[in-house]
Amino acid sequence: KQCRIGDIYAERSQRGASDMELLSVTMNDGVMPRSEIEGKDNSSEDKSNYKVVLTGDMVYNSMRMWQGANGISPCDGIVSPAYTVLMPKIPISNGYFAAFFKSPNLINEFRKNSQGMTSDTWNLKYPQIETIKVCIPALSEQNRVADMLRTLERRIAKQAQLVDNLKKYKRGVVAAILSHQLKFSDATGSPYPEWTSCTLQDAVDFLDGQRKPLESADRAKRQGQYPYYGASGIIDYIDDFIFDEPLLLLGEDGANILNRSTPLCFIAEGKYWVNNHAHVMRPKAGQNIKFLCELLESLDYTRYNTGTAQPKLNQEKCRRIELALPVYEEQCRIANFLSALDQRADKAQSVLDYLLSNRAGLLQQLFI
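Read on for a plain summary of the structure. (Residues numbered from 1 in each chain as written. Predicted model: local features only at pLDDT ≥ 70, side-chain atom pairs only at ≥ 80, totals over all residues. Heavy atoms only, no water.)

**Some remarks on the overall build of the chain**
Along its length, the chain carries 12 helices and 20 strands. On C-alpha atoms alone, the chain measures out to a radius of gyration of 27 Å, which is more than a quarter above the 21 Å that the 2.2 N^0.38 rule sets for 368 residues. Over its C-alpha atoms, taken along the principal directions, the chain stretches across nearly 75 × 55 × 45 Å. Once local pairs closer than 6 in sequence are excluded, the contacts in the chain between residues at least 24 apart make up 74%. Here the chain displays about 19300 Å² of accessible surface, and carbon together with sulfur accounts for 50% of that area. Taking the average location of the 44 positive side-chain charges in the chain and that of its 44 negative ones, the two points are 4 Å from each other. (Helix = DSSP H or I, 4+ residues; strand = E, 2+ residues; numbered from the N terminus. Rg over C-alpha atoms; globule rule 2.2 N^0.38 Å. Contact = heavy atoms within 4.5 Å. Areas by Shrake-Rupley, 256 points an atom, 1.4 Å probe, with all protein chains shown as cover. Lys, Arg positive; Asp, Glu negative; His and termini not counted. Charge placed at Lys NZ, Arg CZ, Asp CG, Glu CD.)

Here you go:
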């Protein structure tokens, strides 16, 4: 049936319970105790004006409702006056409305009804949200939808945990291999000799002289099929290429050198162009490109950083990076083993992407 949100929810305005648990509204996880996000609350702020929240209340950030900052509270507590608290006026399924209030169509309605000149000042208070018209099914159908969504969310959570565990396992394996704790053997079962020390320039040839940067305006005029690489990977596609072989790319500058939010070393294959923000390296004879990539990605580059305001790895420093390398046969064995782990993680990630896509499509169909 069609009704207004004000027919379903009333605003809860109760205050004066500063001793209750402090809650926050997150974009992805809904309402959570602040202690689970930031640890123990030691602030001296006066919370006497904070709003009371009871289990099952809908809580939303008045200035971020158009982005989906809302959720059903799993517990009693208090929230900042910047939040709006809604309490059910009729029997409803909390699981259904938790998903309904994050559905694309309803989020769009929240955006259209928010007041303010720009997105930074948009605000959705109760007088604006209560008039929004919605269509809701009977309570029994709400419960069926909520049960289905809970099952799907549990499946997604399990798959996401599998992906995370596989990534952690690979990081542990790489750390063990590169610290020589994990040895690979030849076909007879005999271990390979100890790793030998060298520098990066002993293992690769630098091809930085062939790089060529293009301004964004120039790239816009030369759109095409060939990847254009920068410090953190592909940033565009253009109509020509410089390289046509598998090569190692190592980010030359940027915050990623220190914070490592994305891979710093990666392999580029096929035909592609590289700008001057990534070192280009060709492994010398007797070196496995996959092994070198894993090795370089595992390094801490803090001591090689030559930048101040902007982190930078200049070529002179990179050439002197100290490495420990096993013989080629063992490099290949290690590379093959790590590739198998990558394939397993990629397959798990593909399943997770499929589940997430399924959920998005399902929510779109459920809440038209």
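Picking up where we left off.
**A short note on the packing of aromatic side chains**
Inspection of the entire model under this criterion finds 15 aromatic pairs. Ring centres of Phe 101 and Phe 110 lie 5.5 Å apart, and the angle between their planes is 50 degrees; on these two criteria the pair is classed as tilted. A residue is classified by how much of its surface remains accessible, and Phe 101, at 1% relative accessible area, is buried. Using a relative accessible area of 0% as the deciding quantity, one classes Phe 110 as buried. One aromatic cluster in this structure is built from Tyr 9, Tyr 96, Phe 97, Phe 100, Phe 101 and Phe 110. (Phe/Tyr/Trp six-rings, centres within 6.5 Å; stacked < 30°, edge-to-face > 60°. Buried < 20%, exposed > 50% of the residue type's maximum accessible area, 1.4 Å probe, protein only.)

**Focus: the pattern of salt bridges**
Within this structure, the stated rule accounts for 21 salt bridges. When the shortest N-O distance is used, the salt bridge between Arg 4 and Asp 7 registers 3.8 Å. A salt bridge links Arg 211 to Glu 252, with the shortest nitrogen-to-oxygen separation between them at 2.7 Å. Separated by 41 residues along the polypeptide, Arg 211 in the loop between strand 12 (204–206) and helix 8 (216–221) and Glu 252 in the loop between strand 16 (247–251) and helix 9 (256–259) bring together distant segments of the chain. Within the structure, one salt-bridge network assembled from shared partners comprises Lys 170, Lys 290, Glu 294 and Asp 342. (Salt bridge = Lys/Arg side-chain N within 4 Å of Asp/Glu carboxyl O.)

**Some details on helix 10 (residues 289–298)**
Within helix 10, 7 of the 10 residues are buried, leaving the element largely enclosed by the surrounding structure. Listed as buried for helix 10 are Lys 290, Phe 291, Leu 292, Cys 293, Glu 294, Leu 295 and Leu 296. Two or three places before Lys 290, at the opening of helix 10, Asn 288 has a side-chain oxygen 3.0 Å from that residue's backbone nitrogen. (Polar contact = N/O pair within 3.5 Å; in protein donor to acceptor, adjacent residues only side chain to side chain.)

**A closer look at the packing of helix 6 (residues 139–178) against helix 12 (residues 328–366)**
One way to put it is that helix 6 packs onto helix 12 with a least axis distance of 10 Å and a crossing angle of 160 degrees. In this view, helix 6 runs roughly antiparallel relative to helix 12, as classed from their interaxial angle. In this structure, helix 6 crosses over helix 12, and the sense of that crossing is left-handed. Of the residues assigned to the contact of helix 6 with helix 12, the class counts are 26 nonpolar, 2 polar and 7 charged. (Axes fitted to C-alpha atoms, helices over the stretch in contact; angles between N-to-C directions. Parallel < 35°, antiparallel > 145°, perpendicular 65-115°, else oblique. Left-handed = near helix turned anticlockwise from the far one by under 90°. Nonpolar A, V, L, I, M, F, W, Y, C, P; charged D, E, K, R; others polar.)

**Observations regarding empty space enclosed by the protein**
Counting across every chain of the model gives 1 cavity of 30 Å³ or more. In this structure, the largest cavity encloses a volume near 30 Å³. Contributing to the lining of the largest cavity are Val 174, Ile 177, Leu 178, Phe 291, Glu 294, Leu 295, Ile 334 and Leu 338. Residues of the lining of the largest cavity, tallied by class, amount to 7 nonpolar, no polar and 1 charged. (1 Å grid on protein atoms, 1.4 Å probe; cavity = no way out; pocket = protein on both sides within 12 Å on 5 of 7 lines; lining within 4 Å. Points joined across faces, edges and corners; volume = space filled by probe spheres on them.)

**Focus on the nonpolar core**
Core analysis: the largest hydrophobic core is formed by 32 residues, its most contacted members being Leu 200, Leu 296, Tyr 301 and Leu 323. Elements with a contribution of two residues or more to this core: helix 6, helix 7 (200–203), strand 12, strand 16, helix 10, strand 20 (322–325) and helix 12. The leading source of residues in this core is helix 10, at 5 residues. With residues up to four places along the chain from it excluded, the contact list for Tyr 301 reads Leu 250, Ile 257, Arg 260, Leu 264, Leu 296, Leu 313 and Ile 321. Among the nonpolar cores identified, the runner-up in size contains 29 residues, and Ala 10, Leu 106, Leu 124 and Val 134 belong to it. (Core = buried A, V, L, I, M, F, W, Y, C linked by side-chain atoms within 4.5 Å.)

**Considering the layout of surface pockets**
Considering only enclosed or pocket space, the largest pocket measures out at about 860 Å³ in volume. Forming the walls of the largest pocket are 22 residues, and the residues nearest its centre are Lys 170, Pro 263, Glu 294, Glu 297 and Asp 342. Of all the secondary structure elements, the ones that give two or more residues to the lining of the largest pocket are helix 6, strand 17 (265–268), helix 10 and helix 12. Broken down by element, the residue count for the lining of the largest pocket peaks at 7 residues, all from helix 6. A class-by-class count of the residues in the lining of the largest pocket yields 10 nonpolar, 4 polar and 8 charged. Computed from the structure, the second largest pocket encloses a volume of approximately 730 Å³.

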